[in-house]
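Fold and contact review
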Amino acid sequence: MDYVLTFLTTLIQVYSYALIIYILMSWFPNARETRFGQMLAAICEPYLEPFRRFIPPLGIIDISPIIAFIVLEFATRGLYALFDILEAQF
């Protein structure tokens, strides 16, 4: 069962890296219009959209990705707690 936990946490970590790259691409002109930028947008925007709906930007600074990263961290910790509970039962 450890391999499932490792796979899921690795998947969350890779997704976090994709979010970081996508967010940093906003600093470079036309970076999001490239094929790679469009691919990352297709992966990252569906996750970021709900956070942007509820957390308005502060001037030109969008803090919603910070909250999105915190939620991913809580998801990772929740997975560890869930698997600890499951291991204790078996």
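Refer to the structure above for everything that follows.
Residues numbered from 1 in each chain as written. Predicted model: local features only at pLDDT ≥ 70, side-chain atom pairs only at ≥ 80, totals over all residues. Heavy atoms only, no water.

The subject of this paragraph is the overall build of the protein. Secondary structure assignment for the protein yields 3 helices and 0 strands. Secondary structure elements of the protein occur, N-terminal to C-terminal, as α-α-α. Taken over the C-alpha trace, the protein has a radius of gyration of 16 Å; the compact-globule value for 90 residues is 12 Å, which it surpasses by more than 25%. Oriented by its inertia axes, the alpha-carbon framework of the protein measures out at about 55 × 30 × 15 Å. Long-range contacts, defined here as pairs at least 24 residues apart, represent 52% of the contacts in the protein between residues at least 6 apart. Seen as two clouds, the 5 positive and the 8 negative side-chain charges of the protein have centres 10 Å apart. (Helix = DSSP H or I, 4+ residues; strand = E, 2+ residues; numbered from the N terminus. Rg over C-alpha atoms; globule rule 2.2 N^0.38 Å. Contact = heavy atoms within 4.5 Å. Lys, Arg positive; Asp, Glu negative; His and termini not counted. Charge placed at Lys NZ, Arg CZ, Asp CG, Glu CD.)

Here we take up the layout of surface pockets. In this model, the largest pocket occupies a volume close to 250 Å³. Elements with a contribution of two residues or more to the lining of the largest pocket: α1 (2–25) and α3 (64–89). Residue classes in the lining of the largest pocket are distributed as 6 nonpolar, 1 polar and 3 charged. (1 Å grid on protein atoms, 1.4 Å probe; cavity = no way out; pocket = protein on both sides within 12 Å on 5 of 7 lines; lining within 4 Å. Points joined across faces, edges and corners; volume = space filled by probe spheres on them. Nonpolar A, V, L, I, M, F, W, Y, C, P; charged D, E, K, R; others polar.)

Our focus in this paragraph is the nonpolar core. Counting 16 residues, the largest nonpolar core has Leu19, Cys44, Tyr47 and Leu48 as the members making the most contacts within it. Where this core is concerned, the elements lending two or more residues are α1, α2 (35–54) and α3. In terms of residue count, the dominant contributor to this core is α1 (6 residues). (Core = buried A, V, L, I, M, F, W, Y, C linked by side-chain atoms within 4.5 Å. Buried < 20%, exposed > 50% of the residue type's maximum accessible area, 1.4 Å probe, protein only.)

Spatial relationships are all this shows, so hold off on functional conclusions.
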